[in-house]
Amino acid sequence: MSNRPELLAPPEIFYDDSEARKYTSSSRIIDIQARLSERALELLALPVDGIPRLLLDIGCGSGLSGETLTENGHQWIGLDISQSMLNIASEREVEGDLLLGDMGQGLALRPGIIDGAISISAVQWLCNADKSSHEPRLRLKAFFGSLYRCLARGARAVFQVYPENIAQRELILRSAMHAGFAGGVVMDYPHSTKSRKEYLVLTCGPPSISTSVPRGKGEYGESCSEDESSEENQMVCISDRNRPKKKQKISRKGKGREWIFKKKEQLRRKGNAVPPDTRYTGRKRKARF
C-alpha cells in the first residue's frame, strides 16, 4: 500500500471527516506543519517593517499552517478542496478567511492583491488525473497562471512539495516558468533521507526584479551549495528570466514550413489546442482560384 495519499484517492474524498480529524489531532503532524510553514515564511523573505501582509495559503487544510502566519502577524486567505478540512478549521476558529475551491481550476482572486503565497504538501496533487476530465498539464497551467495574476509585482510564492519523481518536478517547474515566474528549487538537508525537504521558490514580476534563489539548509544548519544539492538530487532549477528581447528576423520570403512547425510545437507545449500537421501545412496558396 502506498504511503502517498494523492495515489489513494482525490483530496476531497481522501480527507473526509474521519481523516481530517485524525490529521488535525496528531501532535506529530502539528509539529511538522509548524516547522514547514516557518521555513516557507522564511523563504518568502517579506520585509521586516512591522506591516502585516495579506498572504495566500493554498491547500490550507484545517488551518495548521495558517496559524503560523497569524503568529507572525500576517493576515491570510486559505484555499482548500476538502469541505471536511475547512469545517474543522472553522471549529478551531482560525483567523484566516477560508475558501472552498479546486486550485487546478484557477484562483478567483483580484489581480495584484496578494503579497505572498505558501503551500505545504499540496501542489503535487495537481500532477494526478483523478477524473477523466483532468489533464495535469492544463490544471497546472490554470493554477500558476491565476496565481501570477493575483500576486503583487515582486511578491514570492513558496511551495513545499513532495514530487513523486523527476518528471513531476520538471512538469511543475515548466508550468511555473510558462506562467511567467522565475526562481527554482531549494533543497533542505539534501543528504538526509528523513529530513530532506524540497521547496519551490518563485518570484512574480518583470526581469528588473531580483529573482535569486535562496540556498537550502545543510545537515548541520549550514547552507548547502547549489552544485552539491543539484548533483545529489537531480535538482531542476529555473534560471532568472533576464533575457533580452530580440526582434525576430523574417526573411523576404516570409515564414516557411519550419517556422510554422516550430511555432505550433511551442503552442502545444503551452497546452493550447493546435490543428494537426498535414502535408498542406505551410503550403503557399495560389494568388487566385
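As the structure is a computational prediction, the values presented were derived from the model and not from experiment. (Residues numbered from 1 in each chain as written. Predicted model: local features only at pLDDT ≥ 70, side-chain atom pairs only at ≥ 80, totals over all residues. Heavy atoms only, no water.)

Caption draft 1: Inspection of the overall build of the chain at higher detail. On a plain count of helices and strands, the chain comes out with nine helices and seven strands. Counting only residues that meet the buried cut, the chain has 43% of its 289 residues in that class. Partitioning the contacts of the chain with sequence separation of at least 6, the portion at a separation of at least 24 is 66%. Summing over all exposed atoms, the chain offers an accessible surface of approximately 17,100 Å²; the carbon and sulfur share of this is 49%. (Helix = DSSP H or I, 4+ residues; strand = E, 2+ residues; numbered from the N terminus. Buried < 20%, exposed > 50% of the residue type's maximum accessible area, 1.4 Å probe, protein only. Contact = heavy atoms within 4.5 Å. Areas by Shrake-Rupley, 256 points an atom, 1.4 Å probe, with all protein chains shown as cover.)

Caption draft 2: View of the side chain of Lys197. By the element assignment, Lys197 lies in strand 7 (residues 197–203). Asp188 is the oppositely charged side chain nearest to the buried, salt-bridge-free Lys197, at an N-O distance of 8.8 Å. With residues up to four places along the chain from it excluded, the contact list for Lys197 reads Leu36, Gln160, Tyr162, Val186, Met187 and Asp188. (Lys, Arg positive; Asp, Glu negative; His and termini not counted. Salt bridge = Lys/Arg side-chain N within 4 Å of Asp/Glu carboxyl O.)

Caption draft 3: Summary view of the side chain of Gln124. Inspection of the secondary structure assignment puts Gln124 in the loop between strand 4 (114–120) and helix 6 (136–150). The contact partners of Gln124, leaving out residues within four places of it in the chain, are Arg4, Glu6, Gln160, Val161, Tyr162, Gln168 and Ile172.

Caption draft 4: Representation of the packing of aromatic side chains in the model. For the structure on display, the rule yields eight aromatic pairs. Between Tyr148 and Phe181 the ring centres are 5.1 Å apart and the planes differ by 80°, which places this aromatic pair in the edge-to-face class. Taken together, the positions of Tyr148 in helix 6 and Phe181 in the loop between helix 7 (166–179) and strand 6 (182–188) put the pair 33 residues apart, joining distant regions of the chain. On the accessibility criterion, Phe181 (0% relative accessible area) is buried. (Phe/Tyr/Trp six-rings, centres within 6.5 Å; stacked < 30°, edge-to-face > 60°.)

Don't take any of this as a statement about function, it's just geometry.
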